[in-house]
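Here's the letter readout for the chains.
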Amino acid sequence: MKTSFVSVVALVAGLGAGTARAAEAPIPDAGVTAGPDTTIVVSATRSGDAVPASLLGSSVTVIDNQDLQLRQTRILSDVLRDVPGVAVTRIGAVGDETDVRIRGSESRQVLVFVDGIKADDTNVGYFDFGTTITDEAARIEVLRGQQSSLYGSDAIGGVISVTTLSGRELPGVTLRAEGGSMGTYDGGGRIAGVSGNFDYALSASYYHTDGYAIAPGGSRDMASSNLGTTAKVNWTPAPNFKLTAVARYSLTHADFDGFGLSANPPLVDGTPVNTAIDEPGGFYRNIGWYGLIGAKWDVLNGMMTNSAQITFADTKRKDYDFDVEDYTDHGRRWRGSVNSTIRFGTAHIKHRLTVSVDGERQDFFDTYSGAHRIDALGVVAQYDVTVDDRLAISASGRVDTNSHFANDTTFRVTGSYLFPENTRIHAAYGTGVRNPLISDLYGFSPGSYAPNPNLKSESSKGGEAGVAQTLLDGKVTLDATWFDSRYADFIESFCTTATLNGQTLPASCNIPGSFRQEGVEASATARLADWRIALAYTYLDAPQSFTGLAPDGSFGSQTIQAVHRPKNIASGNVTWAPMRLPFAATVTVRYNGRQNDYAYDAFFDRLAVGLKAYTLVNLNATYDINKHVQIFGRIENLGDIHYQEAFGYQAVGRAGYGGVRVTL
């Protein structure tokens, strides 16, 4: 592998065509002029308009394509670790289950869109970031807080929207190849451009690693392969009309280990507990197909915009033991949306009214619970008003009906005001819902777990308030936000029993009462001459009632910080990219504070266990050989820190990678 990789680098380095550092184009259809220091956001409104962040009451973080390239991000979830309010947990190696939580929510309470397509697996009820690598040219928005009034179920913690850049935004041809530690090799290619009324972008990325042993004391390396492809085409036959088509495919093939008592099991309060153990022959394959067809047209000289789209998501996972299929789940979602937006007012006071209708059909199948179907319909109304581009107020409401649960009504109100001194205050309050999982409703593992068709949707209500300050003509932005959320009807597994075919079996239930989570998010960004800086910090207080074994061996209830929610998380990215030199370097520092997890004894009784805090340092660098070819390298976990993100699963140590990028 090393010989072939060096040969590729040498060959590509001699080619030369295009530019190594391509500038990003602004987001189309923005409705605003986006200067180099102006952030615009699309996901905070159903109108489809791009809104300046300075006119939003909700907290949002934008990671642009330049951030992704400078940080050399290959695994999508890794860059989300740099977002305030976000906690990421990878349970094992690359390709294994990866959960993303926002403001203390569960991963199933975070809604994910990829190129406008609702992408979560309809069967397991959340989006597994372990099945996704980073597109060759993309932009990410992380909208925090309850957003169900805009998007319906799942948007309790927030919304993550990943958008690949179009051919009009970033034309050209890019090729990338790299390799490194643990037998890792990956690469990608993108071709994009404009031809008359058409713009197009075709891209593909592939990532393979031989992996490492995640089982403590184990010897089996967890290998994985990830393939992602995207095709996006826009046709604009008239200035007021556009058609869009998107097709995506993803394939993940990854090993997994067993979970049980090892030969020398770790001890928690003197009790032997389960951990990851070598399980030769165990692997899974996940295949995802996604599609979108949409149209957008303006009338009345742009005063009214109408849009309609149909999206499709099909995900299938199969687990194998020595090539013998053990388990299959298959989910499919058809989703149709229609939006109409009316804009009116004066140069000083601008109004925008949007009405949207979403219809969904979800089909489920798994080996244990069989086939099921859920139909849902949601109606949204959103009103926005701005005064002199300083005061912005927004209100939205939504009614959801479906074939299996009670109707849900959610709302959200936000406000923002920008003072002449470039000090901005912002606030929001809203509600959110999350429908039960198919496994909760219909059970799984027949003969050992019972269904509970009477489950209610999880619900949340909460608010935030913050202050932001821009300095040096917008080159520096500081922001601090307090947030508070209350959750009710939380669904937990193994919390009750039910009788099925004469057997008393465990089942899921809605936990009585409510619990509260609150905290503070702080961020700082700066673009000063040759420097690009992004800092983030989150404090989260998330008490959770825990029922399990206490240190004295008794079984009872206690209150702990919720599992996989560190009280303190921080990150910093500092890039030096002098325009006069063909060199750039980025240092990334990520701190993950002490966190709790569950350990299980031989009888699978739960124990609370603490995982140590850790700090990881990554170092990236690029060098432009000429205006056509760039070589790059990075070292991850520079200090070779030994740590665990999930109890019983070893995380990766120091690793190095290098490669070449050609832009035509």
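Provided above is the structure to which this section pertains.
Residues numbered from 1 in each chain as written. Predicted model: local features only at pLDDT ≥ 70, side-chain atom pairs only at ≥ 80, totals over all residues. Heavy atoms only, no water.

A. How the structure looks around the overall build of the protein. Tallying secondary structure elements over the protein gives 5 helices and 41 strands in all. Expected size for 664 residues packed as a compact globule is a radius of gyration near 26 Å; at 25 Å, the protein falls within 12% of this value. By principal-axis analysis of the C-alpha atoms, the protein measures approximately 70 × 60 × 45 Å. Across the 664 residues in the protein, those meeting the buried criterion constitute 53%. A separation of at least 24 residues holds for 62% of the contacts in the protein among residues at least 6 apart in sequence. Carbon and sulfur atoms provide 61% of the accessible area of the protein, an area that totals close to 27,300 Å². Side chains of the protein carry 56 positive and 70 negative charges; the gap between the two charge centres is 5 Å. (Helix = DSSP H or I, 4+ residues; strand = E, 2+ residues; numbered from the N terminus. Rg over C-alpha atoms; globule rule 2.2 N^0.38 Å. Buried < 20%, exposed > 50% of the residue type's maximum accessible area, 1.4 Å probe, protein only. Contact = heavy atoms within 4.5 Å. Areas by Shrake-Rupley, 256 points an atom, 1.4 Å probe, with all protein chains shown as cover. Lys, Arg positive; Asp, Glu negative; His and termini not counted. Charge placed at Lys NZ, Arg CZ, Asp CG, Glu CD.)

B. Just the packing of aromatic side chains, in detail. Taken as a whole, this structure holds 17 aromatic pairs when the rule is applied. Ring geometry for Tyr600 and Phe604: centres 5.9 Å apart, planes at 40 degrees, overall tilted. Taking relative accessible area as the criterion, Tyr600 reaches 23% and is therefore assigned partly exposed. On the basis of relative accessible area, Phe604 is assigned to the partly exposed category, the value being 48%. Through a chain of ring-to-ring contacts, three or more aromatic side chains come together here, namely Tyr487, Phe490 and Phe515. Geometry around Phe490 places Arg108 over its ring, the cationic atom sitting 5.0 Å from the centre. The positively charged end of Arg606 is found above the aromatic ring belonging to Tyr598, 4.4 Å away from the centroid. (Phe/Tyr/Trp six-rings, centres within 6.5 Å; stacked < 30°, edge-to-face > 60°. Lys NZ or Arg CZ within 6 Å of the ring centre and 35° of its normal.)

C. Main features of empty space enclosed by the protein. Considering all chains together, one arrives at 13 cavities of 30 Å³ or more under this definition. Considering the residues around the largest cavity, the lining is formed by 41 residues, among which Asp78, Arg81, Arg90, Arg590 and Glu636 are closest to the centre. Broken down by secondary-structure element, the contributors of at least two residues to the lining of the largest cavity are strand S4 (86–90), strand S12 (198–209), strand S35 (568–576), strand S36 (583–592), strand S39 (614–624), strand S40 (629–636) and strand S41 (655–663). Residues that form the lining of the largest cavity fall into these classes: 20 nonpolar, 12 polar and 9 charged. Around the second largest cavity sit 32 residues that line it, and Lys118, Ser153, Glu360, Gln362 and Asn435 are the ones nearest its centre. Going through the elements one at a time, strand S21 (324–345), strand S22 (349–366), strand S23 (370–387), strand S24 (391–402) and strand S26 (423–434) are the ones with two or more residues in the lining of the second largest cavity. Considering only residue class, the lining of the second largest cavity consists of 10 nonpolar, 10 polar and 12 charged. (1 Å grid on protein atoms, 1.4 Å probe; cavity = no way out; pocket = protein on both sides within 12 Å on 5 of 7 lines; lining within 4 Å. Points joined across faces, edges and corners; volume = space filled by probe spheres on them. Nonpolar A, V, L, I, M, F, W, Y, C, P; charged D, E, K, R; others polar.)

D. The state of the cysteines, seen in detail. With the rule as written, the count across this model stands at 1 disulfide. Between the sulfur of Cys495 and that of Cys509 lies a disulfide, 2.0 Å long from S to S. Taken together, the positions of Cys495 in strand S29 (residues 491–500) and Cys509 in strand S30 (residues 503–510) put the pair 14 residues apart, joining distant regions of the chain. We classify Cys495 as partly exposed; its relative accessible area is 27%. (Disulfide = S-S within 2.5 Å.)

E. Looking closely at the environment of Phe632. Its location among the elements puts Phe632 in strand S40. Placed 10 residues apart in sequence, Phe632 and Thr622 show a C-alpha to C-alpha distance of 4.2 Å. If near-sequence neighbours (up to four positions away) are discounted, Phe632 is found in contact with Gln72, Arg74, Arg176, Ala177, Glu178, Ala621, Thr622, Tyr657, Gly658, Gly659, Val660 and Arg661.

F. Representation of the pattern of salt bridges within the structure. Enumeration over the complete set of coordinates arrives at 53 salt bridges. A salt bridge links Asp115 to Arg248, with the shortest nitrogen-to-oxygen separation between them at 3.4 Å. Note that Asp115 is positioned in the loop between strand S6 (110–114) and strand S7 (117–118) and Arg248 in strand S14 (residues 241–255), a separation of 133 residues in sequence. The same class applies to Asp115 as to Arg248, namely buried. For the salt bridge of Arg634 with Glu636, the shortest nitrogen-to-oxygen distance reads 3.1 Å. In this structure Arg634 comes out as buried when scored by relative accessible area, which is 4%. Look at the salt bridges and you will find they share partners, linking Arg46, Lys118, Asp120, Arg333, Arg335, Asp358, Glu360, Arg398 and Asp400 into a network. (Salt bridge = Lys/Arg side-chain N within 4 Å of Asp/Glu carboxyl O.)

G. Quick look at a nonpolar patch on the surface. A cluster of nonpolar residues, Trp297, Val299, Leu300, Met303, Ile342, Phe344, Leu353, Val355 and Tyr383, forms a patch on the protein surface that exposes about 760 Å² of accessible area. Those elements that provide at least two residues to the nonpolar patch are strand S19 (282–299), S21 and S22. Looking at Leu300, the relative accessible area reads 56%, which means it is exposed. (Patch = residues over 30% accessible without salt bridge, like charges linked within 9 Å, V, L, I, M, F, W, Y side chains within 5 Å.)

H. View of the sheet that holds strand S8 (residues 138–144). Pairing in this open sheet of 5 strands is mixed, and the strands run S3-S8-S9-S6-S7 from one edge to the other. Lying at the two open borders of the sheet, with one neighbouring strand each, are strand S3 (60–63) and S7. As paired elements, S6 and strand S9 (residues 158–164) share 5 bridges and run parallel to each other. The partner of Val112 across the bridge, within S9, is Ile160. (Pairing = 2+ DSSP bridges.)

Purely geometric stuff here, so don't read any function into it on its own.
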